Every structure is written in structure tokens, then in C-alpha cells.
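Secondary and tertiary structure notes
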Amino acid sequence: MTVAEQRLEQTLPPVRRQAVDWLPYVLLLPTVVFLTVFFVYPMLQAFVLSFRSPEGAITLRYFQAMLKDTYFAGALRNSFLLTAIIIPLQVVLALVIALLINTRFQGHPWFLFICAIPLGISDLGAGLIWSSFFTERGYLNLILQNLGLINEPITFLSFERPAWLYGAIVATEVWRATAIVMVILVAGLQLIPKDYFETADVFGASGWRKLRYVTLPLLRPALQTALIIRTILAFQLFATVIVMAGRIVPVLAGEAYFQYGLLRNVNVASAYAVLIMTLSMTITIFYLWLLRTKEEELGRG
Amino acid sequence: MTTPGRKALLTVLVVLISAWVLFPIILIALASFTTRTQLYAWPRSLVPSPFSAETMRFFVQAQDVLQSLLNSLLVAAMTIVLAVLIGAPAGYALSRFRFGGKEVFRLGILGTKMFPATILAVPLAVSFINWNLYDTLLGVALVHTTLALPFAVVITTSVFVGVPFELEEAAMTLGCSRAQAFRKVAMPIALPGLAAAAIFTFVLSWNEVFAATILTLRNRTLPALVMNAVGLAGAPIDYRFAGGFFMIIPALIIIFVIRRYLLTLWGVTVR
Amino acid sequence: MKLWRIATLLAVTILAASAPLGSAPAVEITWSSTQLNPVNEQEWARNTMLRPFEEESSMRVRFVSDLAGPFIDRLVAEARAGRGSVDIIGTLHGDYPLLVAEGAVQDVAAILRQLDGRPDRTFVPDLVRAGQIGGMQSFVPWMQATYLIAAHKQAMRYFPAGRDPMRMTYDDLLQWGENIRSATGQRRIGFPASPTGLYGRFLHGYAYPSFTGSQVKKFKSPEAVSMWRYLRRLWGVSHPSSFTYGFMNEPLLRGEVWVAWDHVARLLPAFRERPDDFVALPSPAGPRGRSFLSVIVGLGIPKNSPNPEAAARLIEYLTRPRTQVLTLQGVGFFPVVREAAGVVPTGGLKVMAEGVTAQATATDARTALLPIGLGARTGEFVPLYLETFTLIAIQGRNIEQVLNDQARKLEEMYRTTNAPCPPPDSAERPCRPD
């Protein structure tokens, strides 16, 4: 057991054996009430729409309609694929940035600010910025042409090059949303007491070993948090995709949106929403299991 | 402690990453001050000449823009206060206590975030009309709080997990009540996490466009007013850039202000 | 104590935020619209179009422009809750069947009758008829628009030699695209095929009737099959980024596209920006004629409108010939009253108006109309055609098979709603693809 994990074991208060401690419930109550009134109630209404016809009968036909929809298979595949590509890239990049900041080099607050700037940009805004970059008469072609690398503008956003469309979406998302992961990791790094690093230095640990045996284990809660939040958001992504790739690259959240807003098929839209929720829930549970800290394991005992 | 080699690597990385983040921002900043004719020219220079503040001025003077800017700030402020006030205690509870239903709470709170909110537009609007919250900033703030709460709870949980309980214990043995120990000991250490939650909440509220659009008619927030009219509606290209840039600026200011709370050294903020 | 300060601040903010802002003027009405959405058009509406009305009536009009989704959501929610804040609405006639089905609008027949009876205006009867949905007059026509082809003058030299651009056929268009491609290596024809674009209208209202003489009945006919073969080839000479284009004035002005088909209001900015660079051409003609669609924008009154009388006054103002001309000059939407029709605009608008007239008065012109009677399922019509296009032209599937599958969906849709066929089909009810 590493030093870090041993330390965490001691942080729990002793288990009380008398009557149920009401304090945690009281602390949680406002959150629960709030969410129930403003979200759970309308959500249940929408939830029910996915398997209840207007006449009141319970039916699976909306889910069937969703599965048979032309765009469904593509949306499922794209949502997973994009998430699987984007998130690892972002986590690595965010980690690099967070570690750089943690070295407290001169000017690091400015670096933190710069890297946090994309937080202030919505997914639609980022999509518009980067599409002005990738479009045929856009900035990327402008630069390439000015540098003399090409004679004619290249059409990046072409339906004949789906891989390039993916690339454009990935580039935009990595640029925009890495800050989300980064901010959480930076906060998490602040909590690691410096003594650990100093102790490791005293024992002559190299940078890589420090990272692997001290930093990363202690960063587990923050990593878990960041991954969960990022993945949930990734499955909700669609504005960026629509701007870059129209419906050539369908995604689940986009299909939910089109079913609702364009086709006004509320029931099928709800079916999509239920699917998104189920997938996000499954992956979250997976993350919680994968990155559980010792504290949580003890909590189960 | 860093060798010259490592220092060089660090510098290179910092410069590269900074450039990569800043480049698109600088582009749209420049483009917001470019005239429409120049934006359509090909090939065109990246730097506008002449500089034209015409489009930006349009945005500042357009009807209701400044009012909706204020509305957005008010809504975001309310959302931050509500989300942190309500969410932090929950985060504390989830980090410190073992109790029945804990996992259910955790997953349940996160679960609300997994449902695309756009579908809830009509049920929410109907409820809000009935509760007299329709077309009010408070109503929008309540919805934004709902959207931000799960993240606030999750972030504060992971932060409080990292704050050793012994410190609060020590304070309590020295005569503090539990609440005092929390306020005087745990909270300052947890400040970076609370700052992270606050930034998150602000950004989420600031950029939120769907709920804000459906729930407001006369008292609109900035995204409800501008984003729809600029982003998806096909406004001329100079308006797209200027509108987009105009929306970013306040967010940049807020992030700038809060950023120093993300970095602490055992309660001492680093300047 | 910091906590108290925060709490006080919060309380004050909440109080301030939930109170009505500012003092209310004498009468204020809220006008919610899906048209005039771009931010510059909104400002024009508030400053130029509505200002005279506000002065003469001492009323304040709050013009709120939304995308179609939230617009409809809001009206549906207000109808369901029984309380409304929107006094008057303005939207496409294709939205009204849904609104009527949800019980969100009231009958404006009386208002229309009164307005039409006035000596200074006569509404075009076809437009009025389009508003008769579900047994009521759901809107008063406000403005109309159509779709055209805009071409950069530099592209004209690639137009097939010896052919008249003003009487272009679909074969001419294809040849044009191929000429451009062989000369420059680029594909410069463009269509607004993004989710926010109106390409679907091209498919069901322009291509289908021009090739088959029908929108629905001949959906899977042999003429339709050859039409889809043609469309595949046309797509081969069209700009591959077309699926990112929502408003064609931009790619035209950027120079990415030289020949574009789109809604007149979405092309107008290009004509305005560089009137000497572009020409407006009527839509092409196919074997069965030169079909084009008229789009009608109508003014309606929500069921729970707080102030229907004030709304009626605004409707009167907006349908005045003078205002109609102002609207044409402002945003490129054409008048709906005969008295406003004779005005000759200038500048970029003139170029476009010539194209519109040429299209409407062409000897082989055929009017198609938006599908009617589909009620709550109106929103599924256009996506079905777009889906057909995606399957055939982009995914390259077998044409006959796709048409059979899609026709079945069309048939089911019409059967459940018992809706009649849209012109130029005969009004058979329920409509069935042959």
C-alpha cells in the first residue's frame, strides 16, 4: 500500500454505533428538494413520454422507432467514437497543463488564466469559431496559402472525407473543453500536501516515478470527478457537431434535438433522451468502480 | 531543482499550449474589428486595416443588449450563490459520512445531469407559468442552479475528500463546534475546489441558451438575445464574430477574477 | 460576518430580479416571431418598421425573435397553462397547422374580413386560403417569399453556350456545374443543405414537381427515379461543404460558391453587399415545367393573448401597402396586398426582384404549395425528403428501394392524418403515393 493510500484511510471519522446520524441527511436535503422540484418532476414527465402513447397505453413503439431511424446507428457509433477519442486526449492534455501549473513557474497564474479562457465559450460559439477556420475560404486555408504551402484552398469539411470531419470536431472539442478537466485537476493538485513530493525527492525519486506513485494516486478523486463530468457532457454534445458536419455526422444528443425541435416527435425524442441517460449512467458507474479510492472501498465494508 | 533541459522543455510546452489556446481567440477579436467587405475578401490579411469598431458599437447599442448583459450577470451571480450554498453541504456530507442510501444519492444527483435539458422545455415552461416564475430572472436562475448543482456537489465532494478530517478533529478538540471547525479549517483549504465549482457554475449559467430562451420573453439573458440571432440565424459574418466576441468578454473577466482562488498554498492565495 | 453579507446580497438580488424592471409605458404588446431573426434584421424591425406604429398608436411593441423550436414550445406551454404573455405572433404558414392542432391560436377571420374590406388593400386570395386550417382562419397574410438561384457574374461565362439563363433547365444547371468543374477544378454550385438550411424545400417543392409534376403522388414513379439519378450527378458538381451551409449569401460572398439556390431573404444580403456582382435567375425548369414554391408568413393571435385588440391594430399597420413596401425594401420579403405590388425597388433589391418576377411570370411556371392538413405531423414532411436525399445521394443506396421505403412512410403519415395532397397534385384525400 502506498504512503498516499495509507494516509487516506485515516481521514474518516469513527463509525457511530448509536441511532442514525441525521446530519448528512439534513445537509443533503436542500439539494434533493431542489433537484426534485425543478428537474426530476419535469424529467419524469418526459421520461414517461418515451413509453406511453397519447392514448395512455404502455408501448415500446417509440423505442422501436428510434432503433429503426435512419440516423440511429450512426448516431450511436459517432457518439461513442467521438467520446472515446476526445476524452483521453483531453485528460492527458489537461494533466500536462495542470502539472505545468503546479511547478509554479514564473507567470503560472497567467498560464492558468489563458488555459481557462475556453471555458467562457459555449459549444456553439466554439463551433462557429472553428468552422470559420476550416471552411474553404477560412483561416486555415488562408494561412496555408500565405505560407505558400498550397495553391488552392483545400475543402476540409467535405462529406467525402468523414475522417476529416471527425478531425475537425475533435480539434474543436479538445480546444474548448480541455479547460473543464484542467480546472478540476488543478484544484485537485492543490490538495496534495507538498511533504509528499519533498519526501519523494529525499528518496531520490525521478519525475516519472513521482508522477506515477505519488501524484496520480492522490489525484484519483479529482480524476474520477473530471472524467465523470466530462463524459456526461460529451454525450450531450451536438451544437459543435451540427456546425461542422451538419447531419452527416449524427450524434445521439443531436438526434434527440431534431426529433424534438424539427420533427416535433416528443415521444421519440424522449426515447433518445432515456438512451443517453442510460449510457451516461452506465459509464459513470464504470468510472466510479474503476477509480474508487480506498476511502470508498472502506465505506462499503 | 529543474535542470536547464527540463526548463527548456517546460518553456516550449507552455508557449505552444498558450499559443494554441489563444490563437482562435485573437482571430475572432481581430475579426470583430474588421469590416464586412474585408471579411469576404480572398485572400485577406489577418490584421484588419482599417480597424472598424462599427459592428461592436452596433452590439453595444442594440436594443436590450446592455440590459440582457446585466440580466445574465444577475442570473449567474444568483446561480453561483445558490449552487454553492446548496451544493457544498451536500458535498461535505458525501465526503465525510457513511450512511444508508449514499450511493443512491450520488448516482441520483449525477443522473439528473444525464438527461438532455432541451426536451424539458415545455413541461418546465408550463410549471413556471403556473408558479409565476415565467419571464423572471429568478426563474432562470433556479433552472440554472438545477443544471449546475450536480457538478457543484460532485466537485465539492472530491475536494472535501482531500481535506484531512484530522484537521477538523483537531479544531474540535481545541473547543470549536463542528460548524466552526468546518468554517475555519476545512473551508479555507477547500477554497480551490469551491472556486472551481464557482467558475463552472458561472460558465454554465452564462452560456446556457435553451432554458433561458424558452423561459424568458421580455427579460432575456444575453445568450437568449444574441446567440440565437447570431449563431444559427445567419446574421452577416461580421455580426457573428462581433456577437461571439462580445459574449466572451464578461466571461473572461469573471474567470480572471476567480482564477486566483484556484491556486492556494495552505490557505494563502498566490498572486 | 461574511455569511450575513452574502445572504443579504442574495436576498436583495432575488427581490430585484423578480420585480418587473423599469416603469411600463401606456400599453405594451409583445410580438413573438420566427422571421427577421438575424440580429441586424431585428434592429431594423424595431427601429425602422415599428417606430411609426409606436408613434401613431402610443403603444410600445416588444419584438422578440426566436428560432422555430422555442417559439412553438412557448406557445404550446402558454396554451397548456392557460395564461399567455405573447400578444401577437408572426411565423411561416407551415407552422400554423401544428399551432392549430395544439389549440394555441385563435380565429382571426373577423379581423381579416375587416381588413380586406378596406378600400386601400386587397389580399391575394390564394394566400388567404392557405390560412384556412382546422376550420378557422389561423393567420392574416403578412409577407411572402420564394426561392431563387443567385449567380456570380464571373460564373456566367461557364453557362452552357447558346442557352438562356432566364429560361434555365435542370440539364443546363448540371452542364453549368460540369463546365465550371472542368475549367477550374472546383465545384461551385451550392445548396443550403445544413440542418438550418432550406434544401428540403428544393427537393419537394422545386425538383419533384418539375420532374414528375407532383410532390407526393408520383413519389416513387419512374420520373422520380430519373430525377434522383439526376440529383446524384448534380450533387457531384456541387460544393461538398454544402451540408454546412444554412444561408447561402455567405458562401456566395466568400467566393466558395458561384451559383446558389436559396430563399430570397437569405440571398438578399449578397445582392445588397455587392449588387454589381450577382444576378438573380429563376429556378430551373424540368420536363414537367418550372415549379416553384411560395412561402407565406402570417400574423396570428395566440389563444391566450393578453391584448387581442392591440394585436389587431398592429396587424392593420403591418398590412398597410406603405408598410408592405417598407418591408420589401428592408428585408426582401414581398407584399401580400395587390396595392403594394407595383413598386420598383432599387439597388441590390432590384436585381433580386427582377428574378422573382421572371420566375413568377415564366410561361412554364407552376406553383407548388406547402403540404397542408398534416396537423401535428407537419414537421415530418421535409425531413423525409431530406432523408431520401441523404440515403440516395450521399450514402449511395439503391434508388428504387429507398423510394419504396420512404413512400411507405409518406403513405402512413398521410393515412393517419387523412390529409389531402398538396398542389400540383389533385386534392385527393388521404393522399397516396402511387
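None of these values were measured; they are calculated from a predicted model.

Residues and elements named next belong to chain A. Tallied over the entire structure, the rule returns 65 aromatic pairs over all chains. For the ring pair F80 and F235, a centre distance of 5.6 Å and an interplane angle of 85° mean the geometry is edge-to-face. On the criterion of sequence distance, the pair formed by F80 in helix α4 (residues 72-102) and F235 in helix α11 (residues 220-235) is long-range, its members being 155 residues apart. For the pair Y257 and F258, a centre-to-centre distance of 5.8 Å together with 55° between the ring planes defines the contact as tilted. Classification of F258 by relative accessible area gives buried; the value is 6%. Lying across the ring of Y71, R247 places its NZ or CZ 4.0 Å from the centre.

Let us look at the interface of chain A and chain C. Each partner contributes residues to the interface: chain A has 27 residues there, and chain C has 25 residues. In total, chain A and chain C occlude about 2,300 Å² of area from one another, counting both sides; carbon and sulfur atoms represent 54% of this. For chain A, the biggest contributors to the area lost against chain C are A:R137, A:F159 and A:R264; these three give 28% of the whole. Linking chain A to chain C there are three salt bridges. A salt bridge links A:E160 to C:R187, with the nearest nitrogen and oxygen atoms 2.9 Å apart. Taken together, the links from chain A to chain C amount to 13 residue pairs in polar contact (both at pLDDT 80 or more). Those elements that provide at least two residues to the side of chain A that touches chain C are α12 (239-245) and α13 (252-261) of chain A. Considering every element that reaches the side of chain A that touches chain C, the biggest residue donor is α12(A), with four residues. Grouping the amino acids of the side of chain A that touches chain C by side-chain chemistry returns 14 nonpolar, six polar and seven charged.

Turning to the domain arrangement of chain C, a few remarks are in order. Residues and elements named next belong to chain C. What the domain assignment reports for chain C is domain 1 (28-145 + 294-344) and domain 2 (147-293 + 369-417). One C-alpha centre belongs to domain 1, the other to domain 2; they are set 29 Å apart. At the junction of the two partners, domain 1 supplies 14 residues and domain 2 supplies 13 residues. Buried surface at the junction of domain 1 and domain 2, both sides included, amounts to about 1,200 Å², of which 66% is carbon and sulfur. Inspection of the domain 1/domain 2 interface yields two residue pairs in polar contact (both at pLDDT 80 or more). A breakdown of the residues in the side of domain 1 that touches domain 2 according to their chemical character gives eight nonpolar, six polar and no charged.

Taken as a whole, this structure holds 41 salt bridges over all chains when the rule is applied. Of the charged contacts in the structure, one is a salt bridge between A:R247 and A:E255, with a shortest N-O distance of 2.8 Å. Each of the two residues, A:R247 as well as A:E255, counts as buried. One salt bridge in this structure joins B:E54 and B:R57, with 3.6 Å as the shortest N-O distance. Of this pair, B:E54 and B:R57 both sit in helix α3 (residues 54-61), three residues apart, which is roughly one turn of the helix.

The next thing to look at is helix α4 (residues 65-96) of chain B. Since there are 3.6 residues in each turn of an α-helix, residues three or four apart along the chain are aligned in direction. In this model, α4(B) (32 residues) spans 45 Å end to end at C-alpha, consistent with the 46 Å of a helix rising 1.5 Å per residue. At B:G87, α4(B) shows its strongest bend, of approximately 25°, with the proline B:P89 following within four residues.

A few words on the interface of chain A and chain B. Counting residues at the interface gives 110 residues for chain A and 102 residues for chain B. Here chain A meets chain B over a buried area of about 9,600 Å², counting both sides, of which 78% is carbon and sulfur. Among the residues of chain A in contact with chain B, A:F39, A:Y139 and A:L191 are the three that bury the most area, contributing 7% of the side total. The interface formed by chain A and chain B contains zero salt bridges. Where chain A meets chain B, there are seven residue pairs in polar contact (both at pLDDT 80 or more).

Here we come to empty space enclosed by the protein. To find the voids left in a structure, one rolls a probe of water-molecule size over its atoms. If you walk through the whole model with that rule in mind, you get 15 cavities of 30 Å³ or more. What the second largest cavity holds in volume is close to 600 Å³. If you trace the second largest cavity, you find 36 residues lining it, with A:L128, A:S131, A:V243, B:G231 and B:R240 closest to the centre. Mapped by element, the contributors of at least two residues to the lining of the second largest cavity are α6 (123-134) and α12 of chain A, α11 (222-232) and α12 (237-259) of chain B together with α11 (249-254) of chain C. Split by residue class, the lining of the second largest cavity holds 19 nonpolar, 14 polar and three charged.

Residues and elements named next belong to chain C. Along the chain, the position of K217 falls in the loop between α9 (199-212) and α10 (222-236). According to the relative accessible area criterion, K217 is buried, its value standing at 14%. With residues up to four places along the chain from it excluded, the contact list for K217 reads C421, D425, E428, C431, R432, P433 and D434.

Let's shift gears to the state of the cysteines. Each disulfide consists of a covalent bond between the sulfur atoms of two cysteine residues. All names here are of chain C. Going through the model one piece at a time under the given rule, you end up with one disulfide over all chains. Note that C421 is cross-linked by a disulfide to C431, the S-S spacing being 1.9 Å. Every disulfide takes its handedness from the sign of the S-S torsion; for C421 and C431 that torsion is 100°, giving right-handed. Within this pair, whereas C421 is found in the segment after α17 (399-417), its partner C431 is found in the segment after α17, the two being separated by ten residues in sequence. A relative accessible area of 1% places C431 in the buried class.

The next point concerns a nonpolar patch on the surface. A surface patch of nonpolar side chains, about 450 Å² in accessible area, is lined by A:W110, B:I249, B:I253, B:F256 and B:V257. At four residues, the largest contribution of residues to the nonpolar patch is made by α12(B). Locating A:W110 in the fold gives a position in helix α5 (residues 108-116).

The next subject is the domain arrangement of chain A. Residue and element names in this part refer to chain A. Splitting chain A by domain gives domain 1 (20-59) and domain 2 (67-122 + 177-300). A straight line from the C-alpha centre of domain 1 to that of domain 2 covers 26 Å. Listed by partner, the interface residues are six residues for domain 1 and six residues for domain 2. Together, F47, L49 and S50 form the three largest contributors to the area buried by domain 1 at its contact with domain 2, with a combined 72%. Our count for the domain 1 to domain 2 interface comes out at zero salt bridges. Counting the contacts that link domain 1 with domain 2 gives three residue pairs in polar contact (both at pLDDT 80 or more). A class-by-class count of the residues in the side of domain 1 that touches domain 2 yields four nonpolar, one polar and one charged.

It is worth spelling out unusual backbone geometry at this point. Despite not being glycine, A:R104 has its phi angle at roughly 55°, a positive value. Mapped onto the fold, A:R104 is located in the loop between α4 and α5. The backbone phi angle of C:N418 is positive, close to 50°, even though this residue is not glycine. Turning to its location among the elements, C:N418 is positioned in the segment after α17.

Moving on to the packing of α10(C) against helix α16 (residues 381-394) of chain C. All names here are of chain C. Here α10 crosses α16 at 70°, and the two axes come no closer than 10 Å. One element, α10, and the other, α16, form an angle in the roughly perpendicular class. Considering the relative orientation of α10 and α16, their crossing is right-handed. Contacts between α10 and α16 pair W228, R232 and W235 from the former with Y385, T388, F389, I392, A393 and I394 from the latter. Looking at the contact of α10 with α16, its residues break down into seven nonpolar, one polar and one charged.

Counting 363 residues, the largest nonpolar core has A:M182, B:F115, C:W31, C:W176, C:F202, C:W228 and C:L314 as the members making the most contacts within it. It is helix α8 (residues 162-190) of chain A that contributes the most residues to this core, 18 residues altogether. A:M182 has contacts with A:A94, A:I97, A:A98, A:I101, A:L112, A:C115 and A:A116, leaving out every residue within four places of it along the chain.

Here the focus is the confidence of the model for chain C. When pLDDT is averaged along chain C, the result is 89; 94% of the residues meet or exceed 70. Across chain C, strand β7 (residues 189-190) of chain C holds the top mean pLDDT of 96, while helix α1 (residues 2-18) of chain C sits lowest at 62.

Rules and cut-offs
Per-chain numbering applies: the sequence of each chain, read as written, is numbered from 1 onward. The naming scheme follows written order: chains are lettered A onward, ligands numbered 1 onward. Since the coordinates come from a predicted model, pLDDT governs what is reported: local features require at least 70, and pairs of side-chain atoms require 80 or more to be given and counted, while whole-chain, interface and lining totals use all residues. Heavy atoms throughout the structure, all of them, feed into the side-chain values; hydrogens and water do not. Pairs were defined over the aromatic rings of Phe, Tyr and Trp, the Trp ring being its six-membered one, requiring ring centres within 6.5 Å. Orientation was assigned from the angle between planes: stacked under 30 degrees, edge-to-face over 60, tilted for the rest. For helices the rule is a DSSP run of H or I covering at least 4 residues; for strands it is a run of E covering at least 2, with both sets numbered from the N terminus onward. Using a 1.4 Å probe on the protein chains alone, a residue whose accessible area is under 20% of its type maximum counts as buried, one over 50% counts as exposed, and one in between counts as partly exposed. Definition used: whenever NZ (Lys) or CZ (Arg) falls within 6 Å of the ring centre and also within 35 degrees of the ring normal, the charge is taken to sit over that ring. We call two residues in contact when some of their heavy atoms are within 4.5 Å. The term buried area means the drop in 1.4 Å probe accessible area that two parts suffer when joined, counted for both and summed. Salt bridges are defined as contacts in which a side-chain nitrogen from Lys or Arg sits within 4 Å of a carboxyl oxygen from Asp or Glu. Polar contacts, as used here, are pairs of N or O atoms within 3.5 Å; protein pairs need one atom able to donate a hydrogen and one able to accept it. Residues neighboring in sequence count only if both atoms are side-chain atoms. Gly falls in the polar group here, along with every residue not listed as nonpolar (Ala, Val, Leu, Ile, Met, Phe, Trp, Tyr, Cys, Pro) or charged (Asp, Glu, Lys, Arg). Segmentation of the chain into domains, including their bounds, is taken from an automatic or database domain assignment. The span one expects for a helix is its residue count, reduced by one, times 1.5 Å. Bend is the name given here to the angle between axes fitted to two runs of seven residues, the run ending at a residue and the run starting at it. Using protein atoms alone on a 1 Å grid, points that fit a 1.4 Å probe yet trap it form a cavity, whereas open point sets bounded by protein on both sides within 12 Å along at least five of seven lines form a pocket; residues with an atom within 4 Å of a point count as lining. Grid points are joined across faces, edges and corners, and a volume is the space filled by probe spheres set on the points. Defined by distance alone, a disulfide is two cysteine sulfur atoms within 2.5 Å. Here a patch means residues that are over 30% exposed by relative accessible area and free of salt bridges, tied together within 9 Å if like-charged and within 5 Å if nonpolar (Val, Leu, Ile, Met, Phe, Trp, Tyr). The accessible surface values rely on the Shrake-Rupley method and a 1.4 Å probe; as for residues, cover is taken only from the protein chains in view. Each axis is a line fitted through C-alpha atoms, taken for helices only over the stretch in contact, and angles between the N-to-C directions span 0 to 180 degrees. Note on terminology: angles under 35 degrees are roughly parallel, angles over 145 are roughly antiparallel, angles of 65 to 115 are roughly perpendicular, and the others are oblique. Crossing handedness: left-handed means the near helix sits turned counterclockwise from the far one by under a right angle, and right-handed means the same turn made clockwise. Residues belong to a common nonpolar core when they are buried Ala, Val, Leu, Ile, Met, Phe, Trp, Tyr or Cys residues joined through side-chain atoms within 4.5 Å. The predictor attaches a confidence to each residue, called pLDDT, with possible values from 0 through 100.

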